Amino acid sequence: MLGTHGSARFSARLRERLTGELTRRFAAGHRPPGWEDVPADVHAAYLAGALAGVIAHWVIAACPGGPEGAALAFWKLFRQTTP
């Protein structure tokens, strides 16, 4: 579903769901400090796109470390892009 011959509809839906969940969490006050000048939905869409990309890469490339390794890599990258 996430590979080069996968479903664009599935990928778009995954990003939409991730964006929606992140936006709800941000609205509930669970947003990292320092992003007040970026609209919450834009911040959520940015993170959702990055996370969807990491998930797709993990599925396609069979990243070492399994899902835990992919999650840790995403977390490290995320922490490096905070203000």
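Residues numbered from 1 in each chain as written. Predicted model: local features only at pLDDT ≥ 70, side-chain atom pairs only at ≥ 80, totals over all residues. Heavy atoms only, no water.

J.: In this structure, what is going on with the confidence of the model for the chain? I would like to understand it.
T.: Low pLDDT marks stretches whose predicted atomic positions should not be read closely. Across the chain, the average pLDDT comes to 85, with 95% of residues at or above 70. Taken element by element, the chain is modelled with least confidence in helix α3 (residues 66-80), mean pLDDT 80, and with most confidence in helix α1 (residues 8-27), mean pLDDT 93. (pLDDT = per-residue confidence, 0-100. Helix = DSSP H or I, 4+ residues; strand = E, 2+ residues; numbered from the N terminus.)

J.: Just to check I follow, could you spell out the packing of α1 against helix α2 (residues 40-61) for this structure?
T.: Packing of α1 against α2 brings their axes to within 8 Å, and their N-to-C directions diverge by 135°. Here α1 is positioned oblique relative to α2, judged by the angle of their axes. Crossing angle aside, the handedness with which α1 passes α2 is right-handed. For the pair α1 and α2, contact is made by Leu14, Arg15, Leu18, Thr19, Leu22, Thr23 and Phe26 and by Ala40, Asp41, His43, Ala44, Ala45, Leu47, Ala48, Gly49, Leu51 and Ala52, respectively. (Axes fitted to C-alpha atoms, helices over the stretch in contact; angles between N-to-C directions. Parallel < 35°, antiparallel > 145°, perpendicular 65-115°, else oblique. Left-handed = near helix turned anticlockwise from the far one by under 90°. Contact = heavy atoms within 4.5 Å.)

J.: So what exactly am I meant to see when it comes to the packing of aromatic side chains here?
T.: What describes a pair of aromatic rings is the distance from one ring centre to the other and the angle between the planes of the rings. Under the counting rule described, the total for this entry stands at zero aromatic pairs. Positioned over the ring face of Phe26 is Arg31, at 5.5 Å from the centre of the ring. (Phe/Tyr/Trp six-rings, centres within 6.5 Å; stacked < 30°, edge-to-face > 60°. Lys NZ or Arg CZ within 6 Å of the ring centre and 35° of its normal.)

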